[in-house]
Every structure is written in C-alpha cells, then in structure tokens.
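# Examining the three-dimensional arrangement
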Amino acid sequence: MFKPSLPLRFLAATLLVMAFTAGQPAFAQDANATDAATAVMTDATSTDEKDTTRELSAKEKDNAIAEAETITAYDAQKVRGIAKPWQYTYQPAGSPVMAHLVKLHNGILVVITIITIVVLAMLIYVCVKFRAGRNPNPNRFAHNTMVEIIWTVVPILILIGIGIPSVRAHYQYTNNQDIIDNPDMTLKVVGHQWYWSYEYPEHGIAFDSNIVPEDQLKDGQPRLLTVDNPVVVPVGKVVRVQMTSADVIHDWAMPAFGIKQDTVPGKLSETWFKAEKEGIYYGQCSELCGKFHGFMPIEIHVVSDAMFEAWVAGAKLKYAANDQFQLASLSR
Amino acid sequence: MSYATTADHAHDAHHTPRGLTRWLCSTNHKDIGILYLCYAVFAGLLGAAFSIALRAELMYPGDQIFNGNYQLYNVFLTAHAFLMVFFLIMPALVGGFGNYFVPLMIGAPDMAFPRLNNISFWLLVPSLILLLASAFVGTGEARGVGTGWTVYPPLSVVDGLHKGMAIDLAIFSLHLAGISSILGAINFIVTVFNMRAPGMSLFKMPLFVWAMLITAFLLLLALPVLGGAITMLLTDRNLGTNFFNPAGGGDPVLYQHLFWFFGHPEVYVLIVPAFGIISEVVATFSRKPVFGYLGMVGAMSAIGVLGFVVWAHHMFTVGLDPDTEAYYMIATMVIAVPTGIKIFSWIATMWGGSLRFTTPMIFAIGFIFLFTLGGVTGVMLANSAVDVTFHDTYYVVAHFHYAMSLGALFGVFTAFYYWVPKISGYMYSEVLGKIHFWLFFIGTNLTFFPQHFLGMAGMPRRIPDYPDAYAGYNYWSSIGSYIAGAASIFFLYIVIDMFVRKRPAGNNPWGDGATTLEWTISSPPPFHSFETQPDYSKVTEAYPSAHH
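Residues numbered from 1 in each chain as written. Chains lettered and ligands numbered in written order. Predicted model: local features only at pLDDT ≥ 70, side-chain atom pairs only at ≥ 80, totals over all residues. Heavy atoms only, no water.

## Regarding the environment of Thr414(B)
Residues and elements named next belong to chain B. Selection criterion: The numbering of helices and of strands both runs from the N terminus, where a helix is a DSSP run of H or I of at least 4 residues and a strand a run of E of at least 2. Only heavy atoms enter the contact rule, under which two residues are in contact if any of them lie within 4.5 Å.
Tracing the chain through its elements places threonine 414 in helix α15 (residues 394-424). Sequence separation of threonine 414 and asparagine 118 is 296 residues, and the distance between their C-alpha atoms is 26 Å. Excluding anything up to four places from it in sequence, threonine 414 contacts Ile277, Ile278, Val281, Pro360, Phe363 and Ala364.

Right under this line is the structure:
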C-alpha cells in the first residue's frame, strides 16, 4: 500500500531546511562587506621612515636594540592568537578577513548541521516505523517523480544560498586585489627547511626566525610556537605579504588572521592582512616540508605605530649585519 | 560462450584445479576475488597498525614512540595512506567483491579476460613488496618515503633525507599497482558490456554492477595521468629532467595538477563501489526494490564525471588565479546534489519497507549517516575562502576519514557481512557481528570527530608533535583508534569463528529481499557458475520481486 503522505513529509522536511537557510544572517545581503573593504583602504597612511641621517653613538645603538627587544618580549597577557585547551571554535578573529570567514563558516555550519540532523531523524524514523516487527509486509513502490524533483531542486537552492556569500567572500576578502595592490607596508616571507626568513623592504630590515627549543623557553612561552625573532607589524595597517621558498614547499599560516598561503619555490605568492588588535599571534607551517615540518612556527607581534617605529629603529641596528640581499631568497 | 561445451568435453571444462595450481595460476574470478580479499585484509591490518602507531605518538604532547625520529613518523603516515588507499580499499572493493560478484550478478560464467584478471592480482604482490622495501632502503635517518602519499616535489626531489632510492621504489610500486588497476578496469568494462545474460539490459543491472562499471571508467581515465606524473618525477630525480624544478624552467604546481587530476577521481574509486553495496544491502533488508533506480545510476555517473573537473580544490592555498579558484569552488559544491540524491534515495528505499537489522544492514545505515556527515564537511571545505582556515589542518583529516574510514571501510564491512555467507557457505555470528559494528562505530567516531575541533583550533596535519593546547582531543582521538584497532582484531575472530562453527548458509540466507542472481546459486558457488545460463528476458526491472 502506498502512503500518500510520503511526498508531503519530504516536502515539509526540505522546506524546513530552506526556511532556516533563508533566516541566516550570513546569507543576507552583506552590505557592510564592501564598506569594510574600502574603509581598509582609505585609512591607509604611508609609513614614514625614521630620520637616520645622524650617526648614533654606541650607547644609543644599544639602547635602541634593547628597546626593540623589549617590544618583542613575551608577555602572556598579550597573547591573543593561540589555541586554548578543549577549544571547539576558531581562534578569536584578529583581522577583518578572519572575522568575515568566521561568520561565513558559522552560517554554513548551521545549514549543514540541520541537513545532518534531518538525515539522522529520517533514518531513525524509518528504522522505528518500518522495522519488520511493526511492518511485516513491505510496500513495493520504487518511484515518485515529485519527491525526486524536490530532493534535487532543494539542495540546488541551498547550494546557491551557500555559494553566493562564498564567492563574495572569495573576491572581497581573501583575494581582494585592490587591497593587495595598495598596502601600507610589505612583508616578504621566505620558507626554508626549517625556519622562516623575513624582509621589510621599505624599512631595510631582514632576519631569520627560528624556533626556540623547548629547554630555552622562558616565562611560560608556548612550546613549539615560540621563535627567536618574531615578526612585528603595526596595528590597523594593511600588510601585503609576498612569499616564496628557498627549497621545498612550505605554507605560511596564521589562523587568527585567516591566512594560509603556500610558499612555492620559483613562484611569488601574495596575500594580505590587517591586524585589528595589538597582541601576540602564533601560527605553524602548514605544508609537509620534511623532517622538522612541525618545528617551524610563525610568531607575529602586533604593536602600536609608535612601538613599531621604535622596533624598526632598533631592528635596523640589531639586524644590520644581515644584508637583505644576501638572504637565500634573492641570492638564488 | 565458454560454458557451452559439448558433453564430450564436459570433463575437461569442469576440472577443478587444486592446491598451488588453483591459487597461483587461477583464472577463476571467484578464486581471484578471494585472493584479493585476503590480500586486502593483510594490507589493511598493516595499514591499521601504522595508524595506531601514529596515534600512539600523538596521544600526548612531546615524543612518545618515535623518539624524535620525525622522518620515521612521516614514513609511517605515508605508508598508512598508501596501504589504505591502494592495498586495502581498492583490492577489497574492486578486486575482491567486484571480481567475485559482478560476473555472478550479470549471469556471466567468469570475467571477460580471466588471464588478465590473474595478472591484475599478481602485479599487486610485487607492488606491495616494493612499497614495504622502500621503508628499508637508505642509511641512518634517510630511509623510506616521508613525503605523504601526494609525493609533492620539490620535497620528493631535493630533500636531504630523500636522496636514496626509497621514493624510486615507491614510484615503481605505484606503477605496478596502476597497471594492475588499469588492466582490471578494462576487464570490468568488457565483462559488463559483453557478458551479460540474455535479457540483462544495462538498465536491469544491479546497482553494484553499475557502480563497478563507473569505477572502472574512473580508474581507466585517471591512473594513466598518475603514471605520467610519477614517471616525470622519476626522471626529475634520476635523469636530470626539470619537469617540476623551477630552476630548470619546471613547475612544482604542475605536479599537483597532475596528481590531483588522478587523486580526486581516485577518492571516488574508493567510495562509488561502496555506494553500490549500500544500495544492494538496503534493498535486500528492506524487502523493497531500490528507490529511484535511474536517479541512482544518474547520480553515480554524475559523481564520476564531476570527479574529473574539481581537482584543484585540493590546491586552494597554492596561489591559483582567483577566478580559477572560484570555478573549482562552484564545481565542487555541485557534487553535493547527486550525493544528496543517493542519500535520500536510500532512505526512501527503506521508507515503507520491512526492515531487518542484520549486521550488514546496520553497517549500511551507519554508512548512510556517517557519509552524510563526511559529505557536509566537504561542502564547507569546497569554499575556497573558508578552506583557507581548514586546509592542511585536522579538519581535513576528519573530513576525509569520515568519507573513507567511516564511509568506504564501512562499505567494505557491509559487503563482507552481506556476501561472506555466499563466498564461504557459512553464516557469521550475528551477535558477534553486531558487537563488531558497535566497537568499530564508537572507535572510529571517537577517533575522528574530535579532529574537527582540532582543525578549527588550527592544528596542522602531518606534525609529529603539537602545541600543548591540542592535548585533550588528541588523547581521546588516540583512545578511539585503539578501540577501532581492537575492533579489527575482533573482526578476525569473527572470521575464524565462522569457519570453525560451520553454520550452513544455504543458497539465500537473506530471504525474499535478496533478488539478485548470486542468491540463486549454491553457497559457496560452484567452481563454474551458471551451468545453465540464467534468462533475464522475462524480467522487467532491476530488482525483480521474488513474488513474481
């Protein structure tokens, strides 16, 4: 015997999914998205180079270097970009890109959770309702055109609902070429087995960044994440990151900023971030690069403009011996 | 046809070889199928042992069992992937159940090319030997293939620990496995197109046969590309070519395109046969024909075609052109539509049925739910923007293990419990089978569900040690893998128990829901099946009712 209510049940279930989809804020027209992108560009100011015409005395140099090292000192209170035990969400967003990705993810998560629960509920329902003990004589129906059309069309509509904000996020945030082409500063990243080297072409700074071994950690610095020479960037500024590799493929990843970009030898990759809050942020290499793949972390200190300028002054002196053009990236 | 011998020659045609001749020189699809299954069990246990070693290392932060030999850790994770993909799932589903049941289900006496079938199997033996040998080639720490199963250059070419011959041996291993699969695929395609019983039109074939036909086309089209890519890698390593070397004008990203052009269809090679199995089992134990047969065929075909045009979604962080990425994002999302059709059709098959919860049925129901879970995280990962947060984290590990370990492998166990009474002639113990299901279900879910959270928190995959914040979930994930490992040992006990107790299965232990041709012959089937050619010309549908 054929149950006429079958198509109605499926219709109700699928409409329910649709209703939830439509109600999700992440899928509403995100009018702020474009504004955010342009705002990022308009408050851009060029970074002034410090006046370094006067020759510094040895003591002044030592003081400047000491100040730069104070700025990059570890302080547990400042750590923002790090995983917490038993965390089941993203790390707190530290950039507009990540903030948007969190929203997009949460919207999609609601939809896929509903789909999974609907499938589970239908499975439980049929297992209870149509078990042999309760329904000894099976129906023989094997077709229902309307139901088949519905469960083809409804997923297409749901996917369009997911796809539109996804494509928008893809172009407006992660791959926003307008922002990448108009940065406040540029950071060059070169992957090596197994450390990172960084260059600040506009500031004339270049240095290598190695993991701090476990037995040399101080003051509760996190294991496997701490480096000797962290990256320092000013808060609220658009940083264009240009990357390549000196040997094998690595991946420069910073979860809190929503950045993950392979560094491929022979290829220059670009991405960008704007750190919105001061603090210390950690990431790890995210492409298998050999024996010590798990041991080449990324540490970024986001500081105020004034602190950044002080750090630049000290770093120039501290890393003066590192001629940036001698670094592996450019000599190869 | 081969069995249409005259009475004079009947004696020769029905001679049953014994001992070494039977197993080493076999041209019989059922014997070769059994060889494949034994091979898959061996390789699967080895692959499981490797994965448990990886989980033991990751159970706590710091060094546990590899004592800081991180190259060895990488070798284990590479071997785990190769074994599970090429030496467990493919031999079990395609070589094992495919070989055994495709001819039976279409009423053919054997595969189209029995000697080719023999070669397909025996190529896999040196292939496995080469793969295992690669772990021992080299000196000191520089042993084995520690590149992951993707074997990306330049790591696989310039890395200091990969200067020895290990990768070359692994490439040869994949060459042999690839030839084996291509020959097998040709055999399946020719068999299905030419050897169906009278009246068995393409659209009366059981869905498992359709699944194997589509899988064979995927193998035939995808594996030559892998063969080309790894041969270029071989010459880059040994003959000074520069296909993937930027210093010589080559491009490492080219390798990734070639690899994933093979790699994405390959993951459908692992799951499409399981789709077919689930359809058979759900229909049998609902005592109903499969709902929406044509839709199911169309959905599997669509998944097969789409599988070839979405490969670069594995490369969203490599720095592709944004428009290219947008295309791959959309194309990948489209796959959710045919997949959804399959899930809903299975539930509709059960709807109104008379459900019996045998071990294969609960494995099939488990598959439907867990594959849905693995599928929806695939929609999340299809987003190139969101994928930036998940690429190369444990979220991806969780996603593809839900599709593979809880999808394809659940399909293998579904097929095993469904068909082993036919293959062996004996019934397994239902009670033990259900204990196995729950042990394996709890173990694999405990292993892989927390990995979604690890991925969200940012834990990269393929690292031998991790920041301390990730310790909690890793601990429980390791506990889960031990439970799944215990379930695998328990599975061996179930097999032994079945052969010791010898409960006769009869021709058809599953009742009138099992309507496909293999249930019309004895269990185990005779060495030469279908002495009398089955006639399907009066049958009007794929799943004829036993009441007809």
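## What to know about the pattern of salt bridges
Our working definition: What makes a salt bridge here is a side-chain nitrogen of Lys or Arg within 4 Å of a carboxyl oxygen of Asp or Glu, nothing more. Exposed residues in this analysis have more than 50% of their type's maximum accessible area, buried residues have under 20%, and partly exposed residues fall in between, with area computed by a 1.4 Å probe over protein chains only.
Under the definition given, this model contains 12 salt bridges over all chains. The shortest N-O distance in the salt bridge between Asp168(B) and Arg237(B) comes to 2.8 Å. Note that Asp168(B) is positioned in helix α7 (residues 166-194) and Arg237(B) in helix α8 (residues 207-238), a separation of 69 residues in sequence. Take Asp168(B): its relative accessible area is 5%, and that puts it in the buried class. Linked through salt bridges whose partners overlap, the residues forming this network are Glu214(A), Arg223(A), Asp465(B) and Asp468(B).

## Section: empty space enclosed by the protein
Residue and element names in this part refer to chain B. Inclusion rule: Within this scheme a cavity is a closed region of a 1 Å grid, computed over the protein atoms alone, that accommodates a 1.4 Å probe without allowing it to escape, whereas a pocket is open but has protein on both sides within 12 Å along at least five of seven lines; lining residues each have an atom within 4 Å of a point. Grid points are joined across faces, edges and corners, and a volume is the space filled by probe spheres set on the points. By the convention adopted, Pro, Cys, Tyr, Trp, Phe, Met, Ile, Leu, Val and Ala count as nonpolar, Lys, Arg, Asp and Glu as charged, and the other residues, Gly among them, as polar.
If you walk through the whole model with that rule in mind, you get 7 cavities of 30 Å³ or more. The volume enclosed by the largest cavity comes to roughly 180 Å³. The greatest single-element share of the lining of the largest cavity, amounting to 7 residues, is contributed by α7. When its residues are assigned to classes, the lining of the largest cavity shows 11 nonpolar, 8 polar and no charged.

## Considerations on the interface of chain A and chain B
Going by this rule: Two parts lose some accessible area (1.4 Å probe) when they are put together, and adding that loss for both gives the buried area. Identification of polar contacts relies on pairs of N or O atoms within 3.5 Å, with a donor-acceptor requirement for protein atoms, meaning one able to donate a hydrogen and the other able to accept it, and with residues adjacent in sequence counted only if both atoms are side-chain atoms.
Between chain A and chain B, the contact holds 88 residues from the first and 94 residues from the second. Overall, the association of chain A and chain B removes approximately 7700 Å² of surface from exposure, summing both partners, and the carbon and sulfur fraction of that is 69%. For the pair chain A and chain B, the number of links is 3 salt bridges. Notably, a salt bridge pairs Arg223(A) with Asp465(B), separated by 2.9 Å at the nearest N-O pair. Summed over the shared surface of chain A and chain B, the result is 28 residue pairs in polar contact (both at pLDDT 80 or more). Contributing elements (two or more residues each) for the side of chain A that touches chain B: α1 (5-23), α4 (96-129), α5 (145-174) and β8 (259-263) of chain A. Looking at the side of chain A that touches chain B, the element that brings in the most residues is α4(A), giving 16 residues.

## Focus: the side chain of Asn187(B)
All names here are of chain B. Tracing the backbone through its elements, the reader meets asparagine 187 in helix α7. The buried category is assigned to asparagine 187, whose relative accessible area is 0%. From its side chain, asparagine 187 meets the backbone nitrogen of alanine 112 in a polar contact 3.5 Å long. What asparagine 187 contacts, discounting residues up to four positions off in sequence, is Met111, Ala112, Phe113, Leu116 and Asn117.

## Here's the deal with the environment of His436(B)
Residues and elements named next belong to chain B. Relative to the helices and strands, histidine 436 resides in helix α16 (residues 430-457). Classification of histidine 436 by relative accessible area gives buried; the value is 0%. Measuring from C-alpha to C-alpha, the distance between histidine 436 and proline 450 comes to 22 Å, with 14 residues separating the pair along the chain. Side chain to side chain, histidine 436 and tyrosine 417 meet in a polar contact 2.7 Å long.

## Remarks on the sheet that holds strand β3 (residues 195-200) of chain A
All names here are of chain A. Threshold: Strands are treated as partners if at least two bridges between them are detected by DSSP. Between N-to-C directions, angles cover 0 to 180 degrees, with each direction set by a line fitted to C-alpha atoms, over the stretch in contact for helices.
The 5 strands lie next to each other as β4-β3-β2-β6-β9, forming an open sheet whose pairing is mixed. A strand with exactly one partner marks an edge of an open sheet, and here the two such strands are β4 (205-209) and β9 (269-274). Here the average twist between neighbouring strands, direction ignored, is 25°. Where strand β2 (residues 185-192) and β3 come together, 5 bridges link them in antiparallel fashion. Paired with glycine 191 across the bridge in β3 is tryptophan 196.

## Some thoughts on unusual backbone geometry
Looking along the chain, the bond that leaves Gln193(A) and enters Trp194(A) is cis, with omega of 0°. Relative to the assigned elements, Trp194(A) resides in the loop between β2 and β3. Omega for the bond connecting Ser523(B) with Pro524(B) falls within 30 degrees of zero, at -10°, which places this linkage in the cis form. Within the fold, Pro524(B) resides in the segment after β4 (503-504).

## So, the confidence of the model for chain B
Residues and elements named next belong to chain B. We apply this condition: The pLDDT value tells you how sure the predictor is about a given residue, anywhere from 0 up to 100.
The predicted model of chain B has a mean per-residue pLDDT of 94, with 97% of residues at 70 or higher. Between residues 1-12, whose pLDDT stays under 50, and residues either more than four places distant or in other chains, the model counts 8 contacts. Both scores are available for the predicted complex, with the pTM at 0.91 and the ipTM at 0.93.

## Focus: helix α13 (residues 359-382) of chain B
Rule in force here: Expected helix span is taken as 1.5 Å per residue step, with the number of steps being one fewer than the number of residues.
End to end, α13(B) covers 34 Å across 24 residues, agreeing with the expected 34 Å (1.5 Å per residue, within 8%). Taking burial as the measure, the 24 residues of α13(B) include 23 buried ones, the bulk of the element.

## Considerations on the sheet that holds strand β5 (residues 231-234) of chain A
Sheet strands pair by backbone hydrogen bonding; their relative direction is either parallel or antiparallel. Residues and elements named next belong to chain A. The strand order across the open sheet formed by 4 strands is β1-β10-β11-β5, and the pairing between neighbours is mixed. Strands with a single pairing partner mark the edges of an open sheet, and in this sheet they are β1 (79-81) and β5. The mean angle between the axes of side-by-side strands here comes to 30°, regardless of whether they run parallel or antiparallel. Of the strand pairs in this sheet, β5 and strand β11 (residues 298-303) are connected by 4 bridges, and their pairing is parallel. Each bridged residue has a counterpart across the sheet, and for valine 232 the counterpart in β11 is histidine 301.

## Concerning the packing of α15(B) against helix α17 (residues 471-501) of chain B
Residue and element names in this part refer to chain B. Keep this limit in mind: To sort the angles, those under 35 degrees are grouped as roughly parallel, those over 145 as roughly antiparallel, those from 65 to 115 as roughly perpendicular, and the leftovers as oblique. What makes a crossing left-handed is the near helix being turned counterclockwise from the far one by less than a right angle; a clockwise turn instead makes it right-handed.
Relative to each other, α15 and α17 sit at 15°, their axes nearing to 12 Å. When the interaxial angle is binned, α15 and α17 end up roughly parallel. In this structure, the crossing between α15 and α17 has a hand that is right-handed. Packed against α15, whose contacting residues are Phe413, Phe416, Tyr417, Val420 and Ser424, the element α17 presents Phe491, Ile494, Val495, Met498 and Phe499 at the interface. Considered class by class, the residues forming the contact of α15 with α17 number 9 nonpolar, 1 polar and no charged.

## Regarding the nonpolar core
Quick reminder of the rule: For this analysis, a nonpolar core means a set of buried residues of the types Ala, Val, Leu, Ile, Met, Phe, Trp, Tyr and Cys, connected via side-chain atoms within 4.5 Å.
Counting residues in each nonpolar core, the largest one holds 235 residues, and the members touching the most others are Phe86(B), Phe97(B), Met350(B), Phe367(B) and Trp419(B). Not counting chain neighbours up to four residues away, the residues in contact with Phe367(B) comprise Ile271(B), Ala274(B), Phe275(B), Ile278(B), Trp346(B), Thr372(B), Leu406(B), Gly407(B), Ala408(B), Phe410(B) and Gly411(B). Counting residues in hydrophobic clusters, the runner-up holds 40 residues, among them Val231(A), Tyr281(A), Cys289(A) and Val312(A).

## What about the packing of aromatic side chains?
Put simply, the rule reads: Whether two aromatic rings pair depends on their centres lying within 6.5 Å, for rings of Phe, Tyr and Trp, where Trp uses its six-membered ring; planes under 30 degrees apart make the pair stacked, over 60 edge-to-face, and the rest tilted.
For the structure shown, the criterion picks out 86 aromatic pairs over all chains. With centroids separated by 6.0 Å and ring planes inclined at 75°, the aromatic side chains of Phe292(A) and Tyr70(B) adopt a geometry described as edge-to-face. Of this pair, Phe292(A) sits in the loop between β10 (279-283) and β11 while Tyr70(B) sits in helix α4 (residues 70-106), which puts the two residues in different chains. Judged by its relative accessible area of 29%, Phe292(A) is partly exposed.

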